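Here are the chains, one letter per residue:
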Amino acid sequence: MGTKNESGNLKLKLLTEDYLRDQIARRTANNERNIERTVSKRSIFSKEEEEEEETEIKTYDVDLLPSKPLPERYGTIPKPFLGRPIEELDPARGDDQTFMVVGERFKGKTSLYRFSASNALFVFSPINPIRRIMLFILSHRLFDICVILTILVNCIFLAMDVPRPEDEHVPIHLEIAEYLFTTIYSIEMVVKVIARGFVLREFTYLRDPWNWLDFLVILLA
């Protein structure tokens, strides 16, 4: 985060246990400072200190927002780095306990993903092999295409399910299709939940409104 390689571009670093421990330590220290500020009597601060504290706002790099391509200042990302967890690129998020993944899109383009560095479902750390597989799948260019194609085919089968008399059975191919689509959507949810975490932290599965409908549909199914 911030170092440069031989070509002069900013260097990417793969996620490590040491980096995660450092993030936790920084976040803990930051929380302790915030608690001390909260419980302390404000009368001990000067007016200038109060104004400075109130105006202390983080400024995040808009070029590093999720879904945006990797900025050119990082150069061409090495193939081994694609789909793998890397250190947070935005210095302003140094104590936010987050990490990133660069996914490959078509025609050599990339897309940024940001995740919580906390353990997903209290079990899967960012460097857990299972979570790393889910991160790779989620950030792969074919994942979204498969989901979109599944939705389109599902719509076709729903259109085929015309009203019928109560005593008439549902055609077997529609029954099989219903179980198949439910299974695919469930797998999609499992991949996202393990990769992102469920709900407690920022950037987790249910923090994205787009996932609310998916979660509800799967529960009802």
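Here goes a summary of the coordinates provided. (Residues numbered from 1 in each chain as written. Predicted model: local features only at pLDDT ≥ 70, side-chain atom pairs only at ≥ 80, totals over all residues. Heavy atoms only, no water.)

**Section: the nonpolar core**
Step number 1: Phe99, Val101, Phe115, Leu135, Leu138 and Ala195 are the most contacted members of the largest nonpolar core, which totals 18 residues.
Step number 2: Sorting the residues of this core by element identifies helix H1 (17–39), strand S2 (98–104), strand S3 (110–116), helix H3 (129–139), helix H4 (141–160) and helix H5 (172–196) as the ones contributing at least two each.
Step number 3: Not counting residues up to four positions away in its chain, the partners in contact with Val101 are Gly83, Arg84, Pro85, Ile86, Ser111, Leu112, Tyr113, Phe115, Leu135 and Ser139.
Step number 4: Formed by twelve residues, the second largest nonpolar core is a distinct cluster that contains Leu12, Leu70, Leu89 and Met100. (Core = buried A, V, L, I, M, F, W, Y, C linked by side-chain atoms within 4.5 Å. Buried < 20%, exposed > 50% of the residue type's maximum accessible area, 1.4 Å probe, protein only. Helix = DSSP H or I, 4+ residues; strand = E, 2+ residues; numbered from the N terminus. Contact = heavy atoms within 4.5 Å.)

**With respect to the layout of surface pockets**
Step number 1: Of the pockets and cavities examined, the largest pocket occupies roughly 740 Å³.
Step number 2: Looking at the largest pocket, it is lined by 24 residues, and the ones nearest its centre are Glu188, Lys192, Trp210, Asn211 and Asp214.
Step number 3: If one sorts the elements of the lining of the largest pocket by residue count, helix H6 (residues 210–220) sits on top with six residues.
Step number 4: In this structure, the second largest pocket occupies an estimated 340 Å³ of space.
Step number 5: Taken together, 16 residues make up the lining of the second largest pocket; nearest its centre are Asn154, Leu158, Glu178, Phe181 and Thr182.
Step number 6: Broken down by secondary-structure element, the contributors of at least two residues to the lining of the second largest pocket are H4, H5 and H6. (1 Å grid on protein atoms, 1.4 Å probe; cavity = no way out; pocket = protein on both sides within 12 Å on 5 of 7 lines; lining within 4 Å. Points joined across faces, edges and corners; volume = space filled by probe spheres on them.)

**Structural notes on the environment of Leu15**
Step number 1: Assignment of secondary structure puts Leu15 in the segment before H1.
Step number 2: You can call Leu15 buried: its relative accessible area is 9%.
Step number 3: Residues Leu15 and Val101, spaced 86 residues apart in sequence, show a C-alpha to C-alpha distance of 9.8 Å.
Step number 4: Once residues lying within four places of it in the same chain are set aside, the contact partners of Leu15 are Leu20, Pro85, Ile86, Glu87, Phe99, Pro126 and Ile127.

**Brief notes about the side chain of Asp96**
Step number 1: Turning to its location among the elements, Asp96 is positioned in the loop between strand S1 (85–87) and S2.
Step number 2: Classification of Asp96 by relative accessible area gives buried; the value is 16%.
Step number 3: One polar contact links Asp96 to Tyr60, side chain to side chain, over a distance of 3.1 Å.
Step number 4: For Asp96, the residues in contact, after removing those within four places along its chain, are Arg27, Lys58 and Tyr60. (Polar contact = N/O pair within 3.5 Å; in protein donor to acceptor, adjacent residues only side chain to side chain.)

**Notes on H5**
Step number 1: For H5, which comprises 25 residues, the first-to-last C-alpha distance of 36 Å matches the rise-based estimate of 36 Å (1.5 Å per residue) to within 8%.
Step number 2: Residues Leu174, Ala177, Phe181, Tyr185, Glu188, Met189, Val191, Lys192, Val193, Ile194, Ala195 and Arg196 constitute the buried set of H5.
Step number 3: Lining the buried residues of H5 we find S3, H3, H4 and H6.
Step number 4: In the segment just after H5, Gly197 is the residue with positive phi, at about 95°. (Expected span 1.5 Å × (residues − 1).)

**Looking at unusual backbone geometry**
Step number 1: A positive phi is found at Lys107, a non-glycine position, where the angle reads about 60°.
Step number 2: Relative to the assigned elements, Lys107 resides in the loop between S2 and S3.
Step number 3: Given the relative accessible area of 83%, Lys107 is considered exposed.

**Quick notes on the sheet that holds S2**
Step number 1: Taken together, the three strands give an open sheet; going across it, the order is S1-S2-S3, and neighbouring strands pair in antiparallel fashion. The strands lining the two open edges of the sheet, one partner per strand, are S1 and S3. Between one strand axis and the next, the sheet turns through 40° on average, direction left out of account.
Step number 2: Relative to S3, S2 runs antiparallel, the two sharing seven bridges. Note that in S3 the partner of Val102 across the bridge is Leu112. (Pairing = 2+ DSSP bridges. Axes fitted to C-alpha atoms, helices over the stretch in contact; angles between N-to-C directions.)

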